[in-house]
Amino acid sequence: MKEYHFQIELKVRDYECDLQGVVNNSNYQRYMEHTRHEYLESVGENFGAMHERGIDAFVSRVDIKFKTSLRSGDRFLSCLNLRKDGPKLVFEQDIYRLSDGALATSGRVESVVVANGKLTRGEYFDRLLDKQPRS
């Protein structure tokens, strides 16, 4: 497994699985979103507080590759790296099943910021990237 800027351990819940007994594909995107929100919390930010200050981050693109299915009860590690690309913040996100280290999904999520109703050049991301996650 490569090194990541942030990671969180999670567990698959029964209701996230479909009739085949595997995690429904839409839930992987939810896992990735939860990981991004937890990352923000780890650097002292909060999505709701950002909005109250007139700062809104929006996902502008998502690309997910599905590799290995997770099943109910599986514990997994949701990991992310991030970098700025022009006005966008790009999250490279991977999910690994903990029992055997198998890569379940690999994703790329692009995000932009709107401040007080106007698309920005990503200045907020510059400040965010300077912060280090708290343990």
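Residues numbered from 1 in each chain as written. Predicted model: local features only at pLDDT ≥ 70, side-chain atom pairs only at ≥ 80, totals over all residues. Heavy atoms only, no water.

### A few points about the overall build of the chain
Broken down by element type, the chain carries 3 helices and 6 strands. In sequence order, the secondary structure elements of the chain are arranged as β-α-α-β-β-β-β-β-α. The C-alpha radius of gyration of the chain comes to 16 Å, within 12% of the 14 Å expected for a compact globule of 135 residues. If one aligns the C-alpha atoms of the chain with their principal axes, the spans along those axes are about 45 × 30 × 25 Å. Long-range pairs, those at least 24 residues apart, make up 67% of the contacts in the chain with a sequence separation of at least 6. Of note, the chain has its 21 positive side-chain charges centred 3 Å away from the centre of its 21 negative side-chain charges. (Helix = DSSP H or I, 4+ residues; strand = E, 2+ residues; numbered from the N terminus. Rg over C-alpha atoms; globule rule 2.2 N^0.38 Å. Contact = heavy atoms within 4.5 Å. Lys, Arg positive; Asp, Glu negative; His and termini not counted. Charge placed at Lys NZ, Arg CZ, Asp CG, Glu CD.)

### Comments concerning the environment of Gly73
Within the secondary structure, Gly73 is located in the loop between strand 2 (55–66) and strand 3 (75–85). Sequence separation between Gly73 and Lys11 is 62 residues, and the spatial gap between their C-alpha atoms is 6.1 Å. Among residues more than four places away in sequence, those in contact with Gly73 are Lys11 and Val12.

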